[in-house]
Amino acid sequence: MKSRKPLKRKDIGLAPGTAVYMGKKTEKDLYVEIFDYNHETLKEERTDNVKDIFSYEDKNNVTWININGLNNVEDIKELGNHYELHPLLIEDIVNTHQRPKLDEYEDYVFVVLKMLHFDNQNNLKIEHVSFVLGKDYMLSFQESEGDVFEPIRDRLRTSKGVVRKMGADYLLYALIDVIVDNYFVLIDNLSEKTEILEDSLFNTSKNNQTAFEIQNFKREILKIRRAVYPLREVVSGLNKVDTTLVKEKTHLYLGDLHDHIIQVSENIDIYREIIWGLMDMHLTTLSNKMNEVMKVLTIIATIFIPLTFIAGIYGMNFENIPELKYKYAYYTLWGVMILIFLGMLYYFKRKKWL
Amino acid sequence: MKSRKPLKRKDIGLAPGTAVYMGKKTEKDLYVEIFDYNHETLKEERTDNVKDIFSYEDKNNVTWININGLNNVEDIKELGNHYELHPLLIEDIVNTHQRPKLDEYEDYVFVVLKMLHFDNQNNLKIEHVSFVLGKDYMLSFQESEGDVFEPIRDRLRTSKGVVRKMGADYLLYALIDVIVDNYFVLIDNLSEKTEILEDSLFNTSKNNQTAFEIQNFKREILKIRRAVYPLREVVSGLNKVDTTLVKEKTHLYLGDLHDHIIQVSENIDIYREIIWGLMDMHLTTLSNKMNEVMKVLTIIATIFIPLTFIAGIYGMNFENIPELKYKYAYYTLWGVMILIFLGMLYYFKRKKWL
Amino acid sequence: MKSRKPLKRKDIGLAPGTAVYMGKKTEKDLYVEIFDYNHETLKEERTDNVKDIFSYEDKNNVTWININGLNNVEDIKELGNHYELHPLLIEDIVNTHQRPKLDEYEDYVFVVLKMLHFDNQNNLKIEHVSFVLGKDYMLSFQESEGDVFEPIRDRLRTSKGVVRKMGADYLLYALIDVIVDNYFVLIDNLSEKTEILEDSLFNTSKNNQTAFEIQNFKREILKIRRAVYPLREVVSGLNKVDTTLVKEKTHLYLGDLHDHIIQVSENIDIYREIIWGLMDMHLTTLSNKMNEVMKVLTIIATIFIPLTFIAGIYGMNFENIPELKYKYAYYTLWGVMILIFLGMLYYFKRKKWL
Amino acid sequence: MKSRKPLKRKDIGLAPGTAVYMGKKTEKDLYVEIFDYNHETLKEERTDNVKDIFSYEDKNNVTWININGLNNVEDIKELGNHYELHPLLIEDIVNTHQRPKLDEYEDYVFVVLKMLHFDNQNNLKIEHVSFVLGKDYMLSFQESEGDVFEPIRDRLRTSKGVVRKMGADYLLYALIDVIVDNYFVLIDNLSEKTEILEDSLFNTSKNNQTAFEIQNFKREILKIRRAVYPLREVVSGLNKVDTTLVKEKTHLYLGDLHDHIIQVSENIDIYREIIWGLMDMHLTTLSNKMNEVMKVLTIIATIFIPLTFIAGIYGMNFENIPELKYKYAYYTLWGVMILIFLGMLYYFKRKKWL
Amino acid sequence: MKSRKPLKRKDIGLAPGTAVYMGKKTEKDLYVEIFDYNHETLKEERTDNVKDIFSYEDKNNVTWININGLNNVEDIKELGNHYELHPLLIEDIVNTHQRPKLDEYEDYVFVVLKMLHFDNQNNLKIEHVSFVLGKDYMLSFQESEGDVFEPIRDRLRTSKGVVRKMGADYLLYALIDVIVDNYFVLIDNLSEKTEILEDSLFNTSKNNQTAFEIQNFKREILKIRRAVYPLREVVSGLNKVDTTLVKEKTHLYLGDLHDHIIQVSENIDIYREIIWGLMDMHLTTLSNKMNEVMKVLTIIATIFIPLTFIAGIYGMNFENIPELKYKYAYYTLWGVMILIFLGMLYYFKRKKWL
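Residues numbered from 1 in each chain as written. Chains lettered and ligands numbered in written order. Predicted model: local features only at pLDDT ≥ 70, side-chain atom pairs only at ≥ 80, totals over all residues. Heavy atoms only, no water.

Let me state the cut-off plainly: UniProt positions are given in the numbering used here, feature names are shortened, and annotations may be inferred rather than shown by experiment.
An unreviewed UniProt entry annotates chain A as Magnesium transport protein CorA of Flavivirga amylovorans. Per its UniProt entry, chain A bears the Function (unreviewed entry) comment "Mediates influx of magnesium ions." Regarding chain A, the UniProt comment filed under Sequence similarities (unreviewed entry) reads as follows: "Belongs to the CorA metal ion transporter (MIT) (TC 1.A.35) family."

Concerning the overall build of chain A
Convention followed: Numbering of helices and strands starts at the N terminus; helices are DSSP runs of H or I of at least 4 residues and strands are runs of E of at least 2. Two things to know: the radius of gyration comes from C-alpha atoms, and the globule rule equals 2.2 Å times the number of residues to the power 0.38.
Looking only at helices and strands, chain A features 7 helices and 7 strands. In sequence order, the secondary structure elements of chain A are arranged as β-β-β-α-α-β-β-β-β-α-α-α-α-α. In terms of overall size, chain A is more extended than a compact globule, its C-alpha atoms giving a radius of gyration of 34 Å where 354 residues would be expected to give roughly 20 Å. Oriented by its inertia axes, the alpha-carbon framework of chain A measures out at about 120 × 45 × 30 Å.

Observations concerning the interface of chain E and chain A
Spelled out, the test is: Contacts are assigned to residue pairs that have any heavy atoms within 4.5 Å of one another. Two parts placed together each lose some accessible area under a 1.4 Å probe, and the buried area is that loss summed for both. Counted as salt bridges are all cases of a side-chain nitrogen of Lys or Arg within 4 Å of a carboxyl oxygen of Asp or Glu.
Contact with chain E, which involves 69 residues of that partner, is made by 68 residues of chain A. Carbon and sulfur atoms supply 62% of the area that chain E and chain A bury against each other, a total of about 6200 Å² over both sides. When the buried area of chain E at its contact with chain A is split by residue, Glu273, Phe309 and Phe318 of chain E rank highest and sum to 11% of it. Summed over the shared surface of chain E and chain A, the number is 7 salt bridges.

A word on the relation of the copies chain E and chain A
Spelled out, the test is: The copies were overlaid by least squares, fitting only the C-alpha atoms of residues that reach a pLDDT of 70 or more in each copy.
Structural alignment of chain E on chain A gives an RMSD of 0.1 Å, achieved by rotating through 72° and translating 0.1 Å along the axis. The transformation just described matches what one would write down for a five-fold rotation axis. Measuring from the rotation axis to each C-alpha of chain E, the shortest distance belongs to Gly315 of chain E, at 4.4 Å. Comparing interface residues between copies, only 16% of those in chain E also sit at the interface in chain A, which points to a heterologous contact through distinct surfaces.

Thoughts on the sheet that holds strand β4 (residues 101-104) of chain A
Residues and elements named next belong to chain A. Put simply, the rule reads: Between any two strands, pairing holds if DSSP finds at least two bridges. Note on geometry: axes are lines fitted to C-alpha atoms, helical ones only across the stretch in contact, with angles between N-to-C directions running from 0 to 180 degrees.
Strand order in this open sheet of 7 strands is β2-β1-β3-β7-β6-β5-β4, and the pairing throughout is mixed. Both outer strands of the open sheet, β2 (42-47) and β4, are each paired with one neighbouring strand and no more. The average undirected angle you get between the axes of adjacent strands in this sheet is 15°. When strand β3 (residues 62-68) meets strand β7 (residues 137-142), the two strands line up parallel, connected through 6 bridges. Across the sheet, the residue bridging to Ile65 is Leu139, located in β7. Lying on the sheet, helix α3 (residues 150-158) is in contact with β1 (31-37), β2 and β3; it crosses β1 at an angle near 35°. The strands that helix α4 (residues 168-202) touches are β1, β3, β5 (109-118), β6 (124-133) and β7; relative to β5, the one it contacts most, it runs at about 30°.

What to know about the side chain of Asn189 of chain A
Residues and elements named next belong to chain A. We count it as follows: Note on classification: 1.4 Å probe, protein chains only; a residue is buried when its accessible area is under 20% of the maximum for its type, exposed when over 50%, partly exposed between these limits.
Tracing the backbone shows Asn189 in helix α4. According to the relative accessible area criterion, Asn189 is buried, its value standing at 18%. Not counting the four nearest positions on each side in its chain, Asn189 is found in contact with Phe118 and Asn122.

Quick notes on the UniProt feature "transmembrane region" (unreviewed entry) in chain A
Residues and elements named next belong to chain A. Cross-referencing UniProt, the feature "transmembrane region" (unreviewed entry) maps to residues 296-316 and 328-348 in the present numbering. Helix makes up 86% of residues 296-316 and strand 0%, and the two end C-alpha atoms of the span are 30 Å apart. End C-alpha atoms of residues 328-348 are separated by 30 Å, and the span's content is 95% helix alongside 0% strand.

A look at the relation of the copies chain A and chain B
If you rotate chain A by 72° and push it 0.1 Å along the axis, it lands on chain B with an RMSD of 0.1 Å. When the interface residues of chain A are mapped onto chain B, a mere 14% of them are again interface residues, pointing to distinct binding faces.

Considering the packing of helix α6 (residues 248-313) of chain D against helix α2 (residues 87-94) of chain E
Worth spelling out the cut-off: Angular relationships are summarised with four words: roughly parallel below 35 degrees, roughly antiparallel beyond 145, roughly perpendicular across 65 to 115, and oblique for the angles in between. Definitions for this section: a left-handed crossing has its near helix turned counterclockwise from the far helix by less than a right angle. A right-handed crossing has that turn clockwise.
Across the interface, α6 of chain D lies against α2 of chain E with an axial gap of 10 Å and an inter-helix angle of 20°. Of the possible angle classes, the one that applies to α6 of chain D and α2 of chain E is roughly parallel. Here α6 of chain D runs over α2 of chain E; the crossing is left-handed. From α6 of chain D, Leu252, Tyr253 and Asp256 of chain D reach across to α2 of chain E, where they touch Leu88, Glu91 and Asp92 of chain E.

Some points on helix α6 (residues 248-313) of chain A
Applied cut-off: In a helix, the anticipated span is given by 1.5 Å times the number of residues less one.
Compared with the 98 Å implied by 1.5 Å per residue over 66 residues, the 98 Å span of α6 of chain A between its first and last C-alpha is a close match. Within α6 of chain A, 55 of the 66 residues are buried, which leaves it mostly tucked inside the rest of the structure.

Comments concerning unusual backbone geometry
All names here are of chain E. For Ser159, which is not a glycine, the phi torsion comes out positive at approximately 55°. Along the chain, Ser159 falls in the loop between α3 (150-158) and α4 (168-202). The phi torsion at Lys352 lies on the positive side, around 60°, for a residue other than glycine. On the basis of relative accessibility, which here comes to 46%, the residue Lys352 falls in the partly exposed class.

So, the pairing of strand β4 (residues 101-104) of chain C
Residue and element names in this part refer to chain C. Across 4 bridges, the pairing between β4 and strand β5 (residues 109-118) is antiparallel. What sits directly across from Glu104, in β5, is Val109. The turn linking β4 back onto β5 is made up of 4 residues.

Thoughts on the interface of chain A and chain B
Between chain A and chain B, the contact holds 69 residues from the first and 66 residues from the second. Between chain A and chain B, roughly 6200 Å² of surface is buried when both sides are summed, and carbon and sulfur atoms account for 62% of that area. Of all residues in chain A, the largest losses of buried area upon contact with chain B belong to Glu273, Phe309 and Phe318 of chain A, amounting jointly to 11% of the total for that side. At the boundary of chain A with chain B, the tally comes to 6 salt bridges.

Observations concerning the sheet that holds strand β2 (residues 42-47) of chain D
Residue and element names in this part refer to chain D. The strand order β2-β1-β3-β7-β6-β5-β4 describes an open sheet built from 7 strands, whose pairing is mixed. Pairing within the sheet leaves two strands with one partner each, and these edge strands are β2 and β4 (101-104). Averaged over all pairs of adjacent strands, the angle between their axes in this sheet comes to 15°, without regard to strand direction. Each of β1 (31-37), β2 and β3 (62-68) is contacted by helix α3 (residues 150-158), which is oriented at about 35° to β1, the strand it contacts most.

What about the pattern of salt bridges?
Evaluated as defined, the whole model comprises 89 salt bridges over all chains. Its salt-bridge partner being Arg153 of chain A, residue Glu150 of chain A comes within 2.7 Å of it at the nearest N-O pair. Of this pair, Glu150 of chain A and Arg153 of chain A both sit in helix α3, 3 residues apart, roughly one helical turn. A relative accessible area of 3% means that Arg153 of chain A is categorised as buried. As a salt-bridge pair, Asp92 of chain D and Lys101 of chain D come within 2.7 Å of each other at their nearest N and O atoms. As far as the burial class goes, Asp92 of chain D and Lys101 of chain D line up, both buried.

Dropping the structure here:
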């Protein structure tokens with residue numbers, strides 16, 4: 001439970017447009033990847049200096065600038081100045097708590113979304129990603145190194161598919177598409193986790209923890225939902241953006257992407273309903289176990305308490321208890337007791353307690 | 001629980017429009033059924049070679065091409081090229097995780113839906129079916145052999161009903177109609193399963209499993225709902241399609257079909273609510289049984305514990321216990337004990353525990 | 001639970017427009033009532049022969065033809081041919097699973113709804129009723145004899161109210177109105193059943209059944225809801241129908257009717273919420289009883305187990321137990337035991353267990 | 001539970017527009033209050049004779065006619081004839097089950113709403129009130145004497161506020177406003193009742209009743225909601241009424257009123273959620289108590305059952321039990337028993353059962 | 001639970017527009033802060049006399065008048081007269097129960113919202129704040145001293161950010177923004193409280209209280225939701241206000257603010273779902289504990305009751321019990337008892353009760 005990140009905003013009362021990085025501070029500098037390409041040529045560069053970017057000005061090429069690390073707010077501001085980005089937009093790039101959204105500015109479109117994956121300890125990791133789509137360039141901003149864009153880079157390098165023949169809008173589509181593709185991995189993981197939880201409900205030993213695991217699972221699904229749901233509006237919004245930025249040819253692809261996001265959302269909702277049901281299942285499982293425990297107790301007590309009573313009777317010290325003197329009284333009593341015992345067994349059998 | 005199919009997508013990062021079959025790989029080749037007909041004539045053919053299709057070009061006839069098996073992606077691509085189908089469409093034909101939808105392209109309409117049935121082990125089976133409706137042809141794609149279209153084939157052969165007099169749009173309607181008709185069988189099955197579950201709630205022996213069966217049932221209903229709900233939009237969307245593809249005469253039939261789908265949806269929702277209630281019922285049933293068990297224990301213990309105590313008293317070895325020497329003390333004590341016993345019985349009777 | 005009617009459709013794969021009666025087959029023939037009237041005259045006839053209807057052609061009169069019994073599909077088809085009814089419409093007349101709806105055809109309006117009542121065994125009965133409203137005629141179709149239309153027949157015969165002065169549309173309104181009026185009786189019945197169920201929750205004897213009764217009640221309410229909810233659209237749809245069929249004068253009445261249906265719907269929703277709460281109540285009631293049972297057990301056990309232990313102590317056969325030889329030891333012990341007993345009682349009193 | 005009024009409609013099958021009073025029949029006659037006023041003068045009259053009303057015809061004055069008692073349907077019909085009220089409207093005035101609504105007729109607007117209060121026994125009382133707003137008159141109809149309009153009468157008499165300067169529409173607003181103001185008292189009452197219920201959940205003695213009280217409270221809230229919710233549409237509808245009846249100057253006031261009604265609705269929803277939660281709380285409270293009871297039983301039984309067993313051992317009559325002859329055996333045994341006792345106590349302490 | 005403020009309205013039946021202060025009466029007078037500024041100059045004043053305000057008339061400056069304390073209704077009315085505020089608006093300023101809303105008047109816009117924070121005792125405090133935005137002035141009204149506006153005052157004084165360069169509309173935005181920023185602190189607090197509650201569910205000692213804490217937490221979240229939800233409409237409404245009051249330049253900022261409010265709402269909804277789940281968790285935790293208690297009881301009872309029975313057998317006083325005379329009978333019996341004991345342990349081990 002310690003992994004929950006508080007929502008503390010570090011900028012209460014600061015002037016709007018003041019960019020403050022909300023994520024984990026690390027020592028690492030930001031670094032930039034540049035892909036400058038058209039149908040025929042491709043130039044790939046990697047640099048630590050933001051100023052290197054500003055030389056890519058060829059209007060005939062599409063320029064993809066991928067910034068890694070949001071730590072260095074100053075560099076990002078410099079970049080923002082060069083591309084004339086609005087201060088509020090800069091603020092949203094570094095504000096890792098920003099929910100997915102689409103903002104349409106005059107000369108560019110701004111898209112925020114979340115990259116989701118489970119880490120090795122099976123904890124949900126949410127990475128903040130934002131895109132600025134201009135006429136012939138596309139900026140992408142990531143919190144940290146490591147992403148899911150490798151297939152796109154490959155396609156760019158090998159000119160596989162149509163990506164090199166289309167504009168920056170198609171590149172944006174391709175990047176969101178690969179992020180959404182990874183949501184499906186997430187869904188698989190949810191499916192697996194649900195199965196594990198259901199199996200652990202059978203397991204009697206670690207009951208108390210199960211309730212907390214279910215509750216944590218609920219929390220995770222709520223977080224995922226919050227990251228995925230607004231994406232539907234984002235993508236359908238992209239189709240309504242001014243056509244000089246998002247060309248009509250791309251609409252069909254965005255429609256397909258929209259479809260995928262709805263599919264992810266539906267799956268999330270299904271797992272949500274299933275997990276909500278798990279707590280009820282847990283409760284009935286507990287009741288079942290209690291029933292079992294109580295039956296054992298009841299059977300033992302119901303059989304032996306009357307027998308002990310009978311033994312108690314003949315343990316009394318009255319001077320005049322005639323039975324005590326009969327020769328076979330002891331054996332007779334044993335017979336009676338065994339009969340009672342068998343009768344009880346039969347009764348429990350008929351009640352299906354045994 | 002092992003039958004749950006993971007949602008693993010095999011194409012993460014692949015270029016959009018790359019067709020990858022998601023279903024179970026089988027050795028079987030695809031095969032094609034062709035019905036080429038008009039009001040007067042009907043030609044029926046069955047072939048393994050996709051190229052055989054391309055000869056059916058008579059614009060006065062309606063051509064129904066039914067492709068079985070989505071394994072052979074190459075053949076489907078070839079078909080797609082012939083009919084100038086969009087790559088994204090081809091991708092959706094073979095992507096068995098695609099949810100039901102209607103896509104309108106310039107020259108044809110693309111429809112995806114799900115064929116649902118319970119197999120012999122009473123597990124839900126979902127088969128992915130897609131249709132491409134062109135001006136004078138209708139392509140249908142199925143995952144595997146075996147379908148519910150036999151009545152339509154019969155009607156085509158015998159020219160029963162109006163199917164031979166109408167266009168390809170009516171044929172599409174007729175095929176969807178027969179699929180939806182089969183949903184009603186599904187609903188009957190749900191009804192039956194609910195009854196069985198309710199009856200098993202009465203059954204004391206296999207409680208623990210019941211909770212898991214209810215949970216599995218929930219999961220099934222959620223899956224069915226996901227397959228059926230989007231169909232409403234699909235069918236009402238067909239009525240808004242360009243009238244050169246879906247003629248006005250067919251609208252009335254589609255309206256009727258839409259009605260049936262709503263009826264199925266309503267039934268699913270009702271069973272959903274009923275099954276959601278079953279877990280609560282299960283819990284109260286368990287509580288009831290616990291109550292019963294506890295009552296037995298309490299009655300036995302409450303009667304015999306005091307009696308045993310009395311017997312214990314007169315089992316003490318004090319030298320001076322005057323009662324021990326009375327001649328009829330033993331019999332008196334028996335009397336007292338029987339009175340206590342009867343009093344207890346009366347008390348439990350009045351409390352309605354017996 | 002045996003009364004649940006499976007949803008089995010008998011016409012899977014049949015050509016659309018094939019009329020198949022879904023209800024219970026009975027031997028009875030259909031019979032027809034005819035009311036042919038205008039402001040001044042009224043002719044009432046009852047016949048078994050559908051062809052008798054075809055003579056009522058006077059355009060100045062309103063003709064109400066009430067068909068009882070949907071068994072005889074052929075007769076209904078003949079009627080349909082005479083009035084040029086669409087085959088899909090005929091199918092819906094005899095398909096008793098059809099949900100309430102309004103279909104507007106060129107020359108007539110088709111309305112389906114449900115007559116609801118509880119029978120003597122307090123089981124919900126749903127009867128399928130459909131109406132065809134033409135320019136100067138109104139056809140009504142019922143599953144079986146026996147209906148709620150008697151007051152309308154009386155008003156027609158005695159010319160009470162405005163029914164004889166208005167057209168066929170007003171007659172349709174009047175018939176739906178009387179059906180909806182009877183829904184209120186249903187609501188009263190729901191109210192009564194709820195009270196009985198709540199009272200039975202107090203009753204300890206037949207707990208296990210209560211859960212099943214609540215579940216069955218839920219099911220009934222879901223069915224009623226499904227019959228009543230779509231009616232709102234039907235009636236508000238009637239107001240939007242071409243005014244040659246439904247005159248403006250009737251709109252005010254239909255508005256009032258719409259209002260009544262909303263009132264019924266609201267009541268159903270309230271009973272739904274109340275009954276959903278009953279299961280929770282049942283569970284708490286069971287918990288309460290368990291508490292009571294456990295308290296009795298605990299009180300008895302807690303009092304007598306320690307006392308029995310003490311008696312056990314002095315039942316031991318050690319040679320050297322000094323207390324055994326004291327003269328008043330026995331009496332002292334009784335005193336101690338009574339003190340312990342009273343102390344326990346006081347403790348339970350303070351804990352409010354007694 | 002006996003106070004629930006069945007919804008029995010007394011007019012099933014009657015011709016629409018037939019006015020039947022649904023409320024409790026009382027012997028009392030209706031009586032009428034008349035306020036005829038303009039900016040400068042005010043005439044107040046009270047009469048038992050409906051015909052007295054008809055003399056108030058001055059078009060420059062606003063006439064408020066307040067009818068008390070809906071028993072005397074004939075008088076109300078006479079009034080209706082004079083003001084040319086539609087028969088359906090008359091029916092709604094006396095039909096106390098009519099839900100709140102706004103009906104716009106050609107020359108007047110008809111408003112139905114509910115006056116709510118808790119009576120001395122804390123039972124919810126719902127009184128049916130209806131208004132007819134004409135150009136220069138306003139009719140109000142109440143079930144029985146006693147209302148909340150006194151402050152308005154005072155303002156009319158003393159010409160306080162703007163009421164005398166405005167038209168009949170403002171008077172209607174003022175009357176609805178004072179009714180809505182009283183809803184806030186209702187909300188306070190709900191708040192109080194919730195607190196009492198929560199406190200009684202702490203109280204162990206009368207558990208069983210609590211569940212029924214919660215259920216009854218739910219029922220009350222559902223009734224209140226049904227009376228208040230439709231009011232939102234009524235008031236926002238008044239703002240869209242033809243401006244000859246509701247002047248633009250009044251719109252601002254109606255907007256404010258709409259706001260108040262939304263505030264009431266929100267409060268009702270909050271109490272609804274809270275009360276829905278109470279049943280869960282009740283269940284956990286019961287579980288808590290059960291836990292407590294079980295702990296007491298378990299502690300006592302767990303301590304004394306083993307000790308009694310030991311005492312039983314040395315109560316056996318074997319001839320050769322060496323311990324019995326040791327001199328200090330008895331004292332040693334006491335020591336052992338006390339050690340066991342203390343060990344048990346420590347164990348329970350560590351388990352936090354004590 | 002005593003801190004719940006009843007909703008008692010003090011003005012039932014008063015004429016609309018009658019201003020009555022609903023909050024806690026305090027002795028303190030109101031005092032006023034004035035900021036009169038433009039791009040170049042700033043004048044700051046603090047006064048107790050409302051009339052001092054009326055001298056700020058420079059149309060080129062923006063005047064922010066911040067009124068603290070709503071006690072002194074007369075002063076506020078005087079202010080209202082000066083600025084020609086509508087009486088209904090004045091009523092809403094002092095009515096602390098007014099929900100957040102936006103009212104557009106001819107010359108000014110009126111905004112109501114809530115300042116939320118948890119006090120030292122971790123109780124939710126809600127403060128009523130309202131704003132009147134005119135062409136070149138902005139009035140703000142607060143219940144009591146102490147607010148969150150200090151950063152804005154600083155920015156005004158130091159001319160940091162753009163606030164001095166923009167109009168009164170931007171100032172309004174900045175003030176709402178800082179209030180919404182503080183909602184995020186609230187969200188953090190909710191997060192913390194949830195964790196504490198979850199931890200206390202582990203804690204066995206103070207169970208009974210936990211249910212009430214959860215219920216109180218629910219209540220708080222409902223209150224917060226009621227304060228935050230309507231804000232969305234308020235802010236999106238500001239963007240639709242006449243552009244002479246809210247300039248287009250400010251729209252972008254308001255869009256950003258709207259985004260933040262949605263983010264807060266989403267978080268509230270998530271905590272709502274989580275807390276609703278806590279009660280279920282509590283119940284399962286209780287069931288778990290009960291299971292544990294019952295297991296201890298059952299193990300002890302099941303082991304010792306049969307053993308005690310055996311001891312009882314040989315405590316009987318029959319004259320002829322052969323075993324009693326065997327020399328090693330006692331030792332044999334001990335052996336048998338130990339075997340039974342071990343067998344029982346093994347049985348419980350296998351059942352995973354130990």
